[in-house]
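Take a look at the letters that make up each chain.
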Amino acid sequence: MQDRQDHFAYCVQLLGGTTAFARRLRIDERAIRRFVNGEREISDGLLRDTAKTLDELAAQAREASDAISASLVSEPGEPGPAA
């Protein structure tokens, strides 16, 4: 149970903290704190929603990274932007 709680707390931080997590998943901040503190059980559904949201964030981050890389001009001797 503690591992699940710790991992959930880590995911909350990856998504920007309690407020950002609550906004993204449309869950009350107090409920998020209760999950993190172990006052409420973390359901499989909440973990699935968390995983889906992390996947969406990762895709957005990859798109942003690719856009940055594509806009950079490589210096002589450096590899160009990744394809």
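Conventions used here
Residues numbered from 1 in each chain as written. Predicted model: local features only at pLDDT ≥ 70, side-chain atom pairs only at ≥ 80, totals over all residues. Heavy atoms only, no water. Core = buried A, V, L, I, M, F, W, Y, C linked by side-chain atoms within 4.5 Å. Buried < 20%, exposed > 50% of the residue type's maximum accessible area, 1.4 Å probe, protein only. Contact = heavy atoms within 4.5 Å. Phe/Tyr/Trp six-rings, centres within 6.5 Å; stacked < 30°, edge-to-face > 60°. Helix = DSSP H or I, 4+ residues; strand = E, 2+ residues; numbered from the N terminus.

(A) Fine view of the nonpolar core. If you look at the biggest cluster of nonpolar residues, it comprises eleven residues: Phe8, Val12, Leu15, Phe21, Ala22, Leu25, Ala31, Ile32, Phe35, Ile42 and Leu46. Dropping the residues within four chain positions of it, Phe35 is found in contact with Gln5, Phe8, Arg40, Glu41, Ile42 and Leu46.

(B) Summary view of the packing of aromatic side chains. Counted under the stated rule, the structure contains two aromatic pairs. Ring geometry for Phe8 versus Phe21: centroids 5.4 Å apart, planes at 85 degrees, classification edge-to-face. Here Phe8 is found in helix H1 (residues 2-14), whereas its partner Phe21 is found in helix H2 (residues 18-25), with 13 residues between them in sequence. Phe21 carries the same exposure label as Phe8, and that label is buried. The interplanar angle of 75 degrees and the centroid separation of 6.0 Å between the aromatic rings of Phe8 and Phe35 together place this pair among those described as edge-to-face. One end of the pair, Phe8, is in helix H1; the other, Phe35, is in helix H3 (residues 29-37), and 27 residues separate them in sequence. On the basis of relative accessible area, Phe8 is assigned to the buried category, the value being 0%. We classify Phe35 as buried; its relative accessible area is 9%.

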